[in-house]
Structures are given as structure tokens and as C-alpha cells.
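Architecture and fold: a report
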Amino acid sequence: MDDDLPWGNACRRTPNYLEVQRATCYGRLGLGREAVALWRQVLDEVPATARLDRGVHLARQATAAAAAQDPDQAVEVAREAARIAVDMRSVRMRRELDTLQRAMRPWQDAPTGQDLAEALAPVDERG
């Protein structure tokens, strides 16, 4: 990027920076299927050393799956995000998982909703 906008080094930190932003926007616009596909692509490239980023991306992918009416996939992805959240104790991750819980409200009384609550219980216990 070589323009007059105040990007700082954000677009240079990761080769997938723009894809992360696009997946985030798709998810926030309710384009769940599109966001899930992009998150898969992004997550394939996230290095093992970037655990916090991976956890945030997984939580956003799970939220996108819920928006795409695929609660089972949302719970499956949320399990890994929850394991990372317990280790990282990040406020940023907690916010993303709260967003996921709101997106999963239609299924809160179904077995899938109970599975999500079970997966996120260790996060709730650790704060």
C-alpha cells in the first residue's frame, strides 16, 4: 500500500489482512456462507504462533456459520475457539464469543445450543 491513508503497518503484518477484513465484513453483513468460506481460507494460513488471532478468527467463523443457519458447524468451530480463549484469557476473544452466543440464540433450547453452552462453559468459568 502506497497511498496517503493512515494504514500504518496493518496491511503488511499478514498476507491475509485484506481477506480477514473482507471475511469480517461479510460476517457482520449477515453473509454467513461467504464469510465461512473466507474464514476457512484465512485459517489455513494463520501460523501456529498467532493463537490469539486464530481464536478470534475461529469465533468469527463460528458466528458466520450460525448466520448461515449451520449451528452444528458453529459449535464444532466454537470448541477450538473456546480452548484458545481459556488459555489466552483475552477480552477481545470474550467479546467475539459473546457475539457467537447471541447469534446462536435461536438454537439455545435445542441440543446444539446445549452443546455450545457446554463448549463455552470453561471460558465462562475463567472469565
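Look a little higher up for the structure.
Residues numbered from 1 in each chain as written. Predicted model: local features only at pLDDT ≥ 70, side-chain atom pairs only at ≥ 80, totals over all residues. Heavy atoms only, no water.

**What about the nonpolar core?**
Heads up, the condition is: We call a set of buried residues a nonpolar core when its members are Ala, Val, Leu, Ile, Met, Phe, Trp, Tyr or Cys and they connect through side-chain atoms within 4.5 Å of each other. Throughout, exposure labels follow a simple rule: accessible area from a 1.4 Å probe, protein chains only, divided by the maximum for the residue type, with under 20% read as buried, over 50% as exposed, and the rest as partly exposed. In this text, helices come from DSSP runs of H or I with a minimum length of four residues, and strands from runs of E with a minimum of two, each type numbered from the N-terminal end. Note on contacts: a residue pair qualifies if any of its non-hydrogen atoms lie within 4.5 Å across the two residues.
Grouped together as the largest cluster of nonpolar side chains are 34 residues, with contacts concentrated most on W39, M93, L97, L100, M104 and L116. Residue assignment for this core shows that the elements contributing at least two residues are α1 (17–28), α2 (32–43), α3 (51–67), α4 (71–88), α5 (91–103) and α6 (111–126). Per-element accounting of this core gives the leading share, 9 residues, to α4. Apart from residues no more than four positions distant in its own chain, L97 is found in contact with A59, A81, A85, L120 and V123.

**Remarks on unusual backbone geometry**
Located in the positive-phi region is Q69, a residue other than glycine, with phi close to 65 degrees. Mapping Q69 onto the fold places it in the loop between α3 and α4. Overall, Q69 belongs to the exposed group, its relative accessible area being 58%. For R89, which is not a glycine, the phi torsion comes out positive at approximately 50 degrees. When you line up the elements, R89 lands in the loop between α4 and α5.

**Comments concerning the pattern of salt bridges**
Let me state the cut-off plainly: A side-chain nitrogen of Lys or Arg and a carboxyl oxygen of Asp or Glu constitute a salt bridge if their distance falls within 4 Å.
For the structure shown, the criterion picks out 6 salt bridges. We note a salt bridge from D87 to R51, for which the minimum N-O separation is 3.1 Å. Within this pair, whereas D87 is found in helix α4, its partner R51 is found in helix α3, the two being separated by 36 residues in sequence. The residue R94 makes a salt bridge to D98 at a minimum N-O spacing of 2.6 Å. Residue R94 and its partner D98 are located together in helix α5, separated by 4 residues, close to a single helical turn. Its relative accessible area of 17% is what places R94 among the buried residues.

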